[in-house]
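# Working through the structure, step by step
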Amino acid sequence: MKYEQIDQNLFIKNRKKFMARMKPNSIAVFNSNDIYPIGADSTMPFEQNRDLFYLSGADQEETILLLFPDAHDKKHREVLFVRETNAHIAVWEGAKLTKEKATEVSGIASIYWLTDFDKIFFDLMTEAETVYFNTNEHYRQAVETQTREDRFIIKCKQDYPAHKWEKSSPILQDIRGVKEPEEIALMQTACNITEKGFRRLLSFVKPGVWEHEIEAELLHEFIRNRSKGFAYTPIIASGNNANVLHYIENNRECKDGDMLLMDVAAEYANYSSDLTRTIPVNGRFTPRQKEVYNAVLRVKDEATKMLVPGTMWAAYHEEVGKLMTSELLGLGLLDKADVQNEDKNWPAYKKYFMHGTSHHIGLNTHDYGALKTPMKANMVFTVEPGIYIPEENMGIRLEDDVVIQENGEPFNLMGSIPITVEEIEALMNA
């Protein structure tokens, strides 16, 4: 891996939190992701299942984590199964986890080769009453491919029909949403790498540059700083492309007078950052661009202050909607009649700001985390309002990642990344 090895104490703490929520005499199993084929002998780069990584730090394929707090034999209360390596694999694929290295990474003493899983699992299932399955229940998930986890669940139900089943997801939604200090530090590193990429762009962007050239500049800076690259598919949208919320083609020339919306950020050690900045291609805001830009920035700043312990998700978004409505009235994009006659299920401001303001971020860009209970300290959220005006050839979004504090306003992990009109213009014209 490109990243520095993570202290195993993070994964030890995470496992303790998970096992504390498990029912008596229960086993939880977590499978690695598959390596997905493209065609012929080609595959996509491997990405580890984030739940398995969260609980073990193991970052390679063909890995299984088993947790059984009530196992009769203490050595089987935490077990990690990894793919057996050999000289042939080392030559063709590089080094894999040895048993000793797997313990060093995870803090788990009991390491077995994957070929031993069925035998050991059968033995432990004679003691267990309940199995926790790791189903993907994220509110945005839309997965059609059968995963390694899915295949395990099908086989387990066939082989052990008399056992009870539970879901790991509710526990993970709760504990993954509140970050440990080590996680916040890793996310800060990802944000710092993102900052380097953004600052690099401010002297690079000018009329005639292509969106994909900007993408290349970012990727160069991210990888040279030990990131695998983008935390998500980059959005580099000039002119009216910015009004397509998930524009990812990045194939247009940036024109003089256009605004350039960039929703681009680095990952580090599988942890995501998520940044959006919108800048003038020619380095100078027009009066109208500046007016709209500062309206978005005010909404972002005021929305950020609301992210404190006890805030409810739905109420937060309702309040942000009120802020945006006020700004849109000031910009002349809405009038009082629009607001008075609005559909409460689709408020008037949604014409120009149609997406949510915040989401959890962590090991996933849209991370696990509770949404129906009060916010807690050490949750990490994006804040990303926008105003999209196709008739003015302009879409502006601004986004930072912030950590909720026990007291006071959130800590902005991206607080040193330029954002004001004055900062952007000064750096673009230096």
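None of these values were measured; they are calculated from a predicted model.

The rules we used
Residues numbered from 1 in each chain as written. Predicted model: local features only at pLDDT ≥ 70, side-chain atom pairs only at ≥ 80, totals over all residues. Heavy atoms only, no water. Domains from an automatic or database assignment. Contact = heavy atoms within 4.5 Å. Buried area = accessible area lost by both parts, 1.4 Å probe. Salt bridge = Lys/Arg side-chain N within 4 Å of Asp/Glu carboxyl O. Buried < 20%, exposed > 50% of the residue type's maximum accessible area, 1.4 Å probe, protein only. Helix = DSSP H or I, 4+ residues; strand = E, 2+ residues; numbered from the N terminus. Pairing = 2+ DSSP bridges. Axes fitted to C-alpha atoms, helices over the stretch in contact; angles between N-to-C directions. Parallel < 35°, antiparallel > 145°, perpendicular 65-115°, else oblique. Left-handed = near helix turned anticlockwise from the far one by under 90°. UniProt positions renumbered as here; feature names shortened; annotations may be inferred. Core = buried A, V, L, I, M, F, W, Y, C linked by side-chain atoms within 4.5 Å.

The assigned domain composition of the chain is domain 1 (8-176) and domain 2 (181-429). When each unit is reduced to the centre of its C-alpha atoms, the spacing between domain 1 and domain 2 is 35 Å. Taken together, the contacts link 18 residues of domain 1 with 17 residues of domain 2. When the two sides are added together, the surface that domain 1 and domain 2 hide from each other amounts to roughly 1,700 Å², 48% of it contributed by carbon and sulfur. Looking only at domain 1, the three residues that lose the most surface to domain 2 are Leu-10, Arg-50 and Arg-176, adding up to 32% of its buried area. The interface formed by domain 1 and domain 2 holds 4 salt bridges in total.

A few words on the pairing of strand E4 (residues 64-67). Each regular strand displays side chains that alternate between the two surfaces of the sheet. Side-chain alternation along E4 places Ile-64 and Leu-66 on one buried face and Leu-65 and Leu-67 on a second face that is also buried. Of the strand pairs in this sheet, E4 and strand E5 (residues 78-82) are connected by 4 bridges, and their pairing is antiparallel. Looking across to E5, one finds that Leu-66 is bridged to Val-79.

As enumerated under the stated definition, the model contains 38 salt bridges in all. In this structure, the salt-bridge partner of Asp-34 is Arg-148, at a minimum N-O distance of 3.4 Å. Note that Asp-34 is positioned in the loop between strand E1 (26-31) and strand E2 (37-39) and Arg-148 in helix H6 (residues 148-159), a separation of 114 residues in sequence. Overall, the relative accessible area of 14% leaves Asp-34 in the buried class. With a closest N to O distance of 2.7 Å, Glu-221 and Arg-200 form a salt bridge. Within this pair, whereas Glu-221 is found in helix H9 (residues 211-224), its partner Arg-200 is found in helix H8 (residues 181-202), the two being separated by 21 residues in sequence.

What follows concerns the packing of helix H5 (residues 117-125) against H6. The N-to-C vectors of H5 and H6 enclose an angle of 50°; their axes lie 13 Å apart at closest approach. By the angle between their directions, the pair H5 and H6 is classed as oblique. In this structure, H5 meets H6 at a crossing whose hand is right-handed. Here Phe-117, Asp-118, Phe-121 and Met-125 of H5 lie close against H6, whose contacting residues are Phe-152, Lys-155 and Cys-156.

Taking the numbering used here, the UniProt-annotated feature "domain: Aminopeptidase P N-terminal" (unreviewed entry) corresponds to residues 6-142. In the segment residues 6-142, helix accounts for 31% and strand for 20%; the C-alpha atoms at its two ends are 31 Å apart.

Counting residues in each nonpolar core, the largest one holds 105 residues, and the members touching the most others are Phe-18, Ile-214 and Ile-387. With 9 residues, H8 is the single largest residue contributor to this core. Of the domains in this structure, domain 1 (8-176) and domain 2 (181-429) are the two that each give at least three residues to this core. Here Ile-214 is in contact with Leu-201, Phe-204, Val-205, Val-209, Ile-236, Cys-254, Leu-260 and Met-262, once residues within four sequence places are set aside. Formed by 22 residues, the second largest nonpolar core is a distinct cluster that contains Val-29, Phe-121, Leu-124 and Tyr-160.

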